[in-house]
Amino acid sequence: MVASDKISLTRNIPDTRLDECKYWHYPEDLPTASVIIVFHNEGFSTLLRTVHSVIKTSPYRLLKEVVLVDDFSDKIDLKGRLDKYIEQFNGLVKLYRNPERLGLIGTRSKGATLATGDVIVFLDAHCECGKNWLVPLLARIRQNRTTMAVPTIDGIDWNDFHYSPVYNKHSHYRGIFEWGFLYKESEVPKAPTHAGGLFAIDRNYFIELGMYDPGLQIWGGENFELSFKIWQCGGSIVWVPCSRVGHVYRNHMPYGFGKINPKIPVILINYMRVVEVWLDPEFRDYFYTREPTIRGYPIGNISEQLAFKERNKCKSFKWYMDNIAIEVYQMFPPPPPNIGWGEIKLRTESICWDARGESAGGGPIGSSSCHHMGGGQLFRFNKRGQIGYGERCIDKYGSNQISIHYCPVDPSGRWIFEEKTGLIKYGESGLCARAERVGGKLSLESCDPSDRYQSFEIKNIKIW
Ligand SMILES: [Mn+2]
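Rules behind the numbers
- Residues numbered from 1 in each chain as written.
- Predicted model: local features only at pLDDT ≥ 70, side-chain atom pairs only at ≥ 80, totals over all residues.
- Heavy atoms only, no water.
- UniProt positions renumbered as here; feature names shortened; annotations may be inferred.
- Disulfide = S-S within 2.5 Å.
- Helix = DSSP H or I, 4+ residues; strand = E, 2+ residues; numbered from the N terminus.
- Buried < 20%, exposed > 50% of the residue type's maximum accessible area, 1.4 Å probe, protein only.
- Phe/Tyr/Trp six-rings, centres within 6.5 Å; stacked < 30°, edge-to-face > 60°.
- Lys NZ or Arg CZ within 6 Å of the ring centre and 35° of its normal.

If you look the protein chain up in an unreviewed UniProt entry, it shows as Polypeptide N-acetylgalactosaminyltransferase from Helobdella robusta. The Pathway (unreviewed entry) field of the UniProt record for the protein chain holds the comment "Protein modification; protein glycosylation." If you open the UniProt record of the protein chain and go to Subcellular location (unreviewed entry), you find "Golgi apparatus membrane".

Below, the structure is given as structure tokens:
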């Protein structure tokens, strides 16, 4: 915030568009737009810089209003000072406040019902809009009202607010996903998903879609829900290269989960709702192979969502994979089933493999007392010899250590679990994993079935 506070609320940012964007002609009779900005304890200057930037870069006749919806912030400058500040906009900027915490997703849906423009444009509360960013989005929606139009996002540095493109200027990208539903991107043509924060959509179409599933809590997964729903039920998503919006990428998530504190992360509950509604059964398994601990967790009532799908004769997830998200299979092949998941534990002692806070490219992992809570002690051993840890994989490190690596595209590995002896062999190298009883060491040593520190079991854990 110190950096943001020092920078003008009406600064100019670089024009990062392709040259051709400067010469495109757009129709005159475009729909009007309501820009909706939802926030919770946002910085005063980042929020107001977003507002100023929207107004400064949008044609006056097309910008119906800027709708600010405060999701129950408690920061003092977002109270009276904010009300006072927006008076200068003479009613163009409207401010609504939730009487209690509703979450980002619910608040966005609420913003859509409060808006009065033909098109709603959702922006995060820490954005700056590029030159003529709004018109190319509205033009795509004018052409087809069931198209969601997504601007191309530039980066604003959290530390010094430096503005720079994040995408290669002459390449075009699109949003996809991996099987744990971590959001990913790949190069164009049409866009199977969107990152979630910034997009334009016809307001009535969004309402016809039932907006976001009201069972999704706080934030997370809503971009997939809306993407799958749009594509499977006859709409489309396009990324618009001539529309550029800068977004502050932060190294932390200021939008916390408030009082809700279930036994598994809220995001995973949201993902489960999306999986159970929009994925065909065989695809659901891929997700639960990646997130085995949550299978069966109660996700509330989804009958409304299923009825919507039925009523609108929405297409199958297989259709979506075969026609829209075509590169997901190549970039993230379906994970083979796990032969075991949970903690990798010595048979004779409560000592478990432990990632110890390491990540891909970091130092060796080790072992520590089993805590049965997952986290750094949660691994998946698949049928094709790969040991997974979150979206990463476990492999050899140096001559005889073990560490976390980026997974190869092919979901296979060199590990062999020998059920009878409990040995975890590293291919045909003659090396096996060995956990020391003390000192937290985990290494690869010459296989010795009589060494009880080489004899493991893979034991399911129950986290809820
Ligand atoms: Mn953001």
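Chemist: What am I meant to see in the state of the cysteines here?
Modeler: One pass over the full model with this rule turns up 5 disulfides. Across the disulfide, C233 is cross-linked to C314 (sulfur-sulfur distance 2.0 Å). Between C233 and C314, the disulfide has an S-S torsion of 105° and is therefore right-handed. Of the two residues, C233 sits in the loop between helix 7 (222-232) and strand 11 (236-249) while C314 sits in the loop between helix 10 (303-311) and helix 11 (317-323), which places them 81 residues apart along the sequence. The residues C233 and C314 share a single accessibility class, namely buried. Residue pairing for C352: its cysteine sulfur links by disulfide to C370, the two sulfurs lying 2.1 Å apart. Taking the torsion about the sulfur-sulfur bond, which here is approximately 100°, the covalent link between C352 and C370 counts as right-handed.

Chemist: What is the right way to read the packing of aromatic side chains from this model?
Modeler: Describing an aromatic ring pair means giving the distance of the ring centres and the angle of the ring planes. Enumeration according to the criterion identifies 32 aromatic pairs in this entry. Here F177 and F317 contribute two aromatic rings whose centre-to-centre distance is 6.4 Å and whose plane-to-plane angle is 45°, an arrangement assigned as tilted. You can see F177 sitting in strand 8 (residues 173-177) and its partner F317 sitting in helix 11, a full 140 residues away along the chain. No difference in accessibility class separates F177 from F317, as the two residues are buried. Here F181 and F287 contribute two aromatic rings whose centre-to-centre distance is 5.5 Å and whose plane-to-plane angle is 35°, an arrangement assigned as tilted. Residue F181 is found in the loop between strand 8 and strand 9 (183-187), and its partner F287 is found in helix 9 (residues 281-290); the two are separated by 106 residues along the sequence. For the pair formed by F181 and F287, the shared burial category is buried. Looking at R81, its charged tip hangs above the ring of F44, at a distance of 3.8 Å from the centre. Stacked on the ring of W464, the Lys or Arg K462 has its end atom at 4.2 Å from the ring centre.

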